[in-house]
Protein chains: 2
Amino acid sequence: MRIILDAMGGDNGPDANIRGAVNAINKVKADIILVGKEEILRAKIKEFYGKEVEEISDRLIIHNATETIEMEDQPTVAIKHKKDSSMVVGFNMLKQDEGDVFISAGNSGALLAGATLLIGRIKGIDRPALAGILPAYKSQLLLMDCGSNTNCKPINLLQFAQMSTIYLKNTFGIEKPAIGLLNIGTEETKGNELVRESYQLLKEKSEELGINFVGNVEGRDAFSGKIDAIVTDGFTGNVFLKTTEGLGKFVKRTLKESLMKNIFSKIACVPALPGINRFAKTMDYKSYGGALFLGVKKPVVKAHGSSDEKLFEYTIIQAERFVENKAVDRMIEAFNKDKKE
Amino acid sequence: MRIILDAMGGDNGPDANIRGAVNAINKVKADIILVGKEEILRAKIKEFYGKEVEEISDRLIIHNATETIEMEDQPTVAIKHKKDSSMVVGFNMLKQDEGDVFISAGNSGALLAGATLLIGRIKGIDRPALAGILPAYKSQLLLMDCGSNTNCKPINLLQFAQMSTIYLKNTFGIEKPAIGLLNIGTEETKGNELVRESYQLLKEKSEELGINFVGNVEGRDAFSGKIDAIVTDGFTGNVFLKTTEGLGKFVKRTLKESLMKNIFSKIACVPALPGINRFAKTMDYKSYGGALFLGVKKPVVKAHGSSDEKLFEYTIIQAERFVENKAVDRMIEAFNKDKKE
């Protein structure tokens, strides 16, 4: 297996990308291909580790790409014109079977455009979307779309529900995953136009499509562990995702400072540390890695924009599992089966 | 001062409303008027406390209203037709100066419709909105709109920024409150159409209107304590609000179970309890009470839909402070001043 990593994309690129790949190389069986400005990547590796990339591992490979796509770039324009950017080169390698999965922490819009234009949608899916995994009570929550489609139609949300169902079934072994529609109330009449129309469409089509639609879900019930996935447009989904992240940071900081207020409270804390660590581990969104781009013909993983080296490491390990689980192949099979029946 | 409480509205009404009012009566100087079905309210009070309402306090008063507005009711229709509902009666009392502030945990849409139709907008404000207070790092975060305007235009978001500024200045004493626009990225080009247009309008008008606009803010930075208020449409704001609530519940549950896993960890926890309690106190959204309906001519407070007795108690205490701070009078003054200059 070969994992293609956009070595330049993300807020902390290329440093965090390089360090994450080096950290991960002995934890995965796959080769890791760092795509980016070769000169810079080689110099950084020399600086960080005092050796050449070839000396670190023969499974760690640099592939040159002279351009980069910036956060400010117009997605489609960037994909069409920056032909030698790390993102476009990475996509083309995936397309030509020079790798099995592509990971990037770069511009989300460009990643969507690239995945759609260069890799292509699975037949029957209008809009691929980012499926992210968040921690939830004694389980996890799939959030789709995490932010790739700012404007959506009801049909898109229906397909997100379908894809979530297939993905959770095949990858997590959940037989009838409970799919909710993110809304501001549980009643049918609540929400904006998109949500109200999507509710009706989901209600109408769920049985036929094998979706276990449980209705509207409010953010306050999303983490209860009773819902396996929530579907929403990419704007709302991204707000949801980043709000949980912001609150998580705030919780962590406040807990730490509350417990470590002074030397006495620090000492008082020691016996409780195993419990506190158990808590911190459950809450650590980093161990939940990147988001899979569901609906395209090959595995594309969006790493968190502000990924640090630890998060790149997790995302690389997770990407290997995505490939092993054949998440994308099974999605293609399921949609083809639907069409044939 | 007289606080008018919709005794019927909310998921736990009228029980939680009654108990909250009884809990609060000796913590406020104001009278509390319970508006609702007198027979039911009297019977419940007898059942809960074994005495008549008059025996509890001469400042606790029941005002009869024979109807109730349900969560499923169409807001405007309900306000227009359920003339003897606890909500409409409460609004009319506020209008006729039979009380100084009206609190309801009922149907948010109906509360907006009632506030606008029965109390009236402040001149210069197109859409009143719910301003909620959330905990943030060593401070608090004002969120506006929390959920009253599902569909918004850029001018509404500009006015939310203006109202937030005036409110935070007068009530919290923050001289130049930092106002952010909730978005899915910090760049100007990010977000849906509403957010992109609102950004431009805020950028253009902020100086003139005395708004300290700090640009786009992502949920992940919202709780950093660096932002005093975030403005957003009511759908996104409500998702934001309920997501923080849901995550808060999940955090609390997980922390408790992590620390109390077995008898050994329970004992180990005892010395750390002061720190853990400090943490829990900061995180308790209940102590932040209800949301003020900014932009209407009199103080209207939206209590949380799932308020329990504790939350009703807090909200009543907070409502007294709203009136004491003359939050609404100062809003009217500020907008009138704007118009005259």
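Quantities reported herein were computed from a predicted structural model and do not represent experimental measurements.

1. Things to note about the overall build of chain A
Phase 1: Looking only at helices and strands, one finds 13 helices and eleven strands in chain A.
Phase 2: Here the contacts in chain A between residues at least 6 apart in sequence split such that 72% fall between residues at least 24 apart.
Phase 3: Summed over all atoms, the accessible surface of chain A reaches about 14100 Å², with 49% contributed by carbon and sulfur.
Phase 4: Here chain A holds 47 positive side-chain charges and 45 negative ones, and the gap between their average locations is 4 Å.

2. Here's the deal with the sheet that holds strand 9 (residues 229–231) of chain B
Residues and elements named next belong to chain B.
Phase 1: Pairing in this open sheet of eleven strands is mixed, and the strands run 3-2-1-4-11-10-5-6-9-7-8 from one edge to the other. Because the sheet does not close on itself, it has two edges, and the strands there are strand 3 (60–64) and strand 8 (212–217). Between one strand axis and the next, the sheet turns through 30° on average, direction left out of account.
Phase 2: Bridge analysis of strand 7 (residues 178–182) against strand 9 gives three bridges, and the strand direction is parallel. Bridging across to strand 9, glycine 180 finds its partner in isoleucine 230.
Phase 3: Packed on one face of the sheet, helix 1 (residues 15–24) meets strand 1 (2–6), strand 2 (31–36) and strand 3 and runs near 170° to strand 2.
Phase 4: On top of the sheet, helix 9 (residues 234–259) reaches strand 5 (129–136), strand 6 (139–144), strand 7 and strand 9; it is set at about 145° to strand 6, its chief contact.

3. Description of the sheet that holds strand 1 (residues 2–6) of chain A
Residues and elements named next belong to chain A.
Phase 1: A sheet is described by the order of its strands in space; here eleven strands give the open sequence 3-2-1-4-11-10-5-6-9-7-8, paired in mixed fashion. Looking at which strands have only one partner, the edges of the open sheet turn out to be strand 3 (60–64) and strand 8 (212–217). On average, adjacent strands in this sheet sit at an angle of 30° to one another, irrespective of strand direction.
Phase 2: Note that strand 2 (residues 31–36) and strand 3 share five bridges and pair parallel. Across the sheet, the residue bridging to leucine 34 is isoleucine 62, located in strand 3.
Phase 3: Lying over the sheet, helix 7 (residues 154–172) contacts strand 5 (129–136), strand 6 (139–144), strand 7 (178–182), strand 9 (229–231) and strand 10 (291–294), oriented at roughly 145° with respect to strand 6.
Phase 4: The sheet contacts of helix 9 (residues 234–259) involve strand 5, strand 6, strand 7 and strand 9, and relative to strand 6 the element is tilted by about 145°.

4. Describing the pairing of strand 4 (residues 101–104) of chain A
All names here are of chain A.
Phase 1: Burial of strand 4 is two-sided: the residues Val101 and Ile103 facing one way and the residues Phe102 and Ser104 facing the other way are all buried.
Phase 2: Two elements, strand 1 and strand 4, share three bridges in a ladder whose sense is parallel. From the neighbouring strand, isoleucine 3 faces strand 4, where its bridge partner is valine 101.

5. Points about the pattern of salt bridges
Between side chains of opposite charge, pairing is possible as soon as their charged atoms come close.
Phase 1: Enumeration over the complete set of coordinates arrives at 31 salt bridges over all chains.
Phase 2: For Asp15(A), the salt bridge goes to Lys44(A), with nearest N and O atoms at 2.9 Å. In this pair, Asp15(A) is assigned in helix 1 (residues 15–25) and Lys44(A) in helix 2 (residues 38–49), connecting sequence segments 29 residues apart.
Phase 3: A salt bridge links Lys27(B) to Glu313(B); the shortest N-O distance between them is 2.6 Å. In this pair, Lys27(B) sits in the loop between helix 1 and strand 2 while Glu313(B) sits in helix 12 (residues 309–324), placing the two residues 286 residues apart along the sequence.
Phase 4: Each member of the salt-bridge network shares a partner with another, and the members are Glu38(A), Arg42(A), Lys46(A), Glu52(A) and Glu54(A).

6. Things to note about unusual backbone geometry
All names here are of chain A.
Phase 1: With an omega dihedral of -5°, the bond running from glycine 13 to proline 14 counts as a cis peptide bond.
Phase 2: Within the fold, proline 14 resides in the loop between strand 1 and helix 1.
Phase 3: Each neighbour pair has its own omega, and for methionine 144 with aspartate 145 the value is 15°, a cis peptide bond.
Phase 4: Assignment of secondary structure puts aspartate 145 in the loop between strand 6 and helix 7.
Phase 5: Look at lysine 326: it is not a glycine, yet its phi comes out positive at around 55°.
Phase 6: When you line up the elements, lysine 326 lands in the loop between helix 12 (309–324) and helix 13 (327–340).
Phase 7: Look at lysine 326 and you get partly exposed, because its relative accessible area is 45%.

7. A short note on the packing of aromatic side chains
Phase 1: This structure, assessed with the given rule, holds twelve aromatic pairs over all chains.
Phase 2: Measuring from centroid to centroid gives 6.2 Å for Tyr167(B) and Phe322(B), while their planes differ by 55°, and the two rings are tilted. Of this pair, Tyr167(B) sits in helix 7 (residues 154–172) while Phe322(B) sits in helix 12; the two residues are 155 residues apart in sequence, bridging distant segments of the chain.
Phase 3: When its relative accessible area of 3% is taken as the criterion, Tyr167(B) is described as buried.
Phase 4: The buried category is assigned to Phe322(B), whose relative accessible area is 6%.
Phase 5: Between Tyr199(B) and Phe213(B) the ring centres are 5.5 Å apart and the planes differ by 70°, which places this aromatic pair in the edge-to-face class. Of this pair, Tyr199(B) sits in helix 8 (residues 193–209) while Phe213(B) sits in strand 8, placing them 14 residues apart in sequence. Phe213(B) shares its class with Tyr199(B); the two are buried.
Phase 6: The aromatic ring of Tyr314(A) is capped on one face by Lys310(A), whose charged end is 5.9 Å from the ring centroid.

8. Notes on the confidence of the model for chain A
Any residue range with low pLDDT should be treated as having predicted coordinates unsuitable for detailed reading.
Phase 1: Summing up the model confidence of chain A, the mean pLDDT is 90 and the portion of residues at 70 or higher is 90%.
Phase 2: Two numbers describe this predicted complex: its pTM, 0.82, and its ipTM, 0.78.

9. Quick notes on the pairing of strand 2 of chain A
Residues and elements named next belong to chain A.
Phase 1: Burial analysis of strand 2 places six of its six residues in the buried class, the great majority of the element.
Phase 2: Alternating positions in strand 2 separate into two faces, Asp31, Ile33 and Val35 on one and Ile32, Leu34 and Gly36 on the other, with burial throughout.
Phase 3: When strand 1 meets strand 2, the two strands line up parallel, connected through five bridges. When the sheet's bridge partners are listed, isoleucine 3 is paired in strand 2 with isoleucine 32.

10. Quick notes on the packing of helix 9 of chain A against helix 9 of chain B
Phase 1: Interaxial distance between helix 9 of chain A and helix 9 of chain B falls to 9 Å at its minimum, and their mutual angle equals 40°. If you check the angle between helix 9 of chain A and helix 9 of chain B, you find them oblique. When you trace helix 9 of chain A past helix 9 of chain B, the crossing you get is right-handed. In this structure, helix 9 of chain A uses Phe235(A), Thr236(A), Val239(A), Phe240(A), Thr243(A), Thr244(A), Leu247(A), Gly248(A) and Val251(A) to contact helix 9 of chain B, whose residues at the interface are Phe235(B), Thr236(B), Val239(B), Phe240(B), Thr243(B), Thr244(B), Leu247(B), Gly248(B) and Val251(B).
Phase 2: By residue class, the composition of the contact of helix 9 of chain A with helix 9 of chain B is ten nonpolar, eight polar and no charged.

11. Comments concerning helix 12 of chain B
All names here are of chain B.
Phase 1: Between its terminal C-alpha atoms helix 12 stretches 23 Å, which fits the 22 Å expected from 16 residues at 1.5 Å a residue.
Phase 2: If you check which residues of helix 12 are buried, you get Leu311, Phe312, Glu313, Thr315, Ile316, Gln318, Ala319, Glu320, Phe322 and Val323.
Phase 3: At the exit of helix 12 stands lysine 326, carrying a positive phi of roughly 55°.

12. Quick notes on the packing of helix 5 (residues 86–95) of chain A against helix 6 (residues 108–119) of chain A
Any two packed helices are characterised by how steeply their axes cross, that is the angle between the axes, and by the distance between the axes.
Residues and elements named next belong to chain A.
Phase 1: The interhelical angle for the contact between helix 5 and helix 6, taken along N-to-C directions, is 35°, at an axis separation of 10 Å. Handedness of the crossing formed by helix 5 with helix 6: right-handed. On the side of helix 5, the interface is formed by Met87, Val88, Phe91, Asn92, Leu94 and Lys95, while helix 6 contributes Ala110, Leu111, Gly114, Ala115, Leu118 and Ile119.
Phase 2: The class makeup of the residues in the contact of helix 5 with helix 6 is nine nonpolar, two polar and one charged.

13. A word on helix 6 of chain A
All names here are of chain A.
Phase 1: A rise of 1.5 Å per residue sets the reference length of helix 6, with its twelve residues, at 16 Å; its end C-alpha atoms lie 15 Å apart and thus fit the reference within 8%.
Phase 2: Listing the buried residues of helix 6 in full gives Ala110, Leu111, Leu112, Ala113, Gly114, Ala115, Leu118 and Ile119.
Phase 3: You can read the cap of helix 6 off the contacts: a side-chain oxygen lies 3.0 Å from the backbone nitrogen of glycine 109, and it is on asparagine 107.
Phase 4: Backbone geometry just downstream of helix 6 places glycine 120 in the positive-phi region, at approximately 95°.

Rules used in this analysis
- Per chain, residues are indexed from 1 in the order of the written sequence.
- Chain labels run from A onward and ligand labels from 1 onward, assigned in the order the entries are written.
- Per-residue local features of the predicted model are confined to residues with pLDDT of at least 70, and side-chain atom pairs are confined, for both listing and counting, to 80 or more; whole-chain, interface and lining totals are unaffected and use all residues.
- Side-chain descriptors were evaluated using all non-hydrogen atoms of the structure, hydrogens and water having been removed beforehand.
- The way it works is that DSSP assigns letters per residue, a run of H or I at least four long becomes a helix, a run of E at least two long becomes a strand, and they are numbered from the N terminus.
- Only heavy atoms enter the contact rule, under which two residues are in contact if any of them lie within 4.5 Å.
- Where accessible areas are quoted, they stem from the Shrake-Rupley method and a 1.4 Å probe; at the residue level, only the protein chains shown are allowed to cover.
- In summary, the charge assignment counts Lys and Arg as positive and Asp and Glu as negative, without counting His or the chain termini.
- Positions of charges follow a simple convention, taking NZ of Lys, CZ of Arg, CG of Asp or CD of Glu.
- Strands are labelled as partners when DSSP assigns at least two bridges between them.
- Note on geometry: axes are lines fitted to C-alpha atoms, helical ones only across the stretch in contact, with angles between N-to-C directions running from 0 to 180 degrees.
- Each residue's exposure class comes from its accessible area (1.4 Å probe, protein chains only) as a fraction of the maximum for that residue type: buried when under 20%, exposed when over 50%, partly exposed otherwise.
- A pair is scored as a salt bridge if a Lys or Arg side-chain nitrogen falls within 4 Å of a carboxyl oxygen belonging to Asp or Glu.
- Pairing of aromatic rings covers Phe, Tyr and the six-membered ring of Trp, with a centre-to-centre limit of 6.5 Å; geometry is then stacked below 30 degrees between planes, edge-to-face above 60, and tilted otherwise.
- Here, a charge over a ring means that NZ of Lys or CZ of Arg falls within 6 Å of the ring centre while also lying within 35 degrees of the ring normal.
- Confidence per residue, as judged by the predictor, is encoded in pLDDT with a range of 0 to 100.
- When an angle is under 35 degrees it counts as roughly parallel; over 145 it counts as roughly antiparallel; between 65 and 115 it counts as roughly perpendicular; any other value is oblique.
- Crossings are sorted by hand: turned counterclockwise from the far helix by less than a right angle, the near helix makes the crossing left-handed, and turned clockwise it makes it right-handed.
- Ten residue types, Ala, Val, Leu, Ile, Met, Phe, Trp, Tyr, Cys and Pro, are classed as nonpolar, four, Asp, Glu, Lys and Arg, as charged, and the remainder, Gly among them, as polar.
- In this scheme, a helix's expected span is set at 1.5 Å multiplied by one less than its residue total.
- Whenever a nitrogen or oxygen atom comes within 3.5 Å of another N or O atom, the pair is scored as a polar contact, on the condition that within protein one atom can donate a hydrogen and the other can accept it, and that pairs from neighbouring residues in sequence are kept only if both atoms are in side chains.

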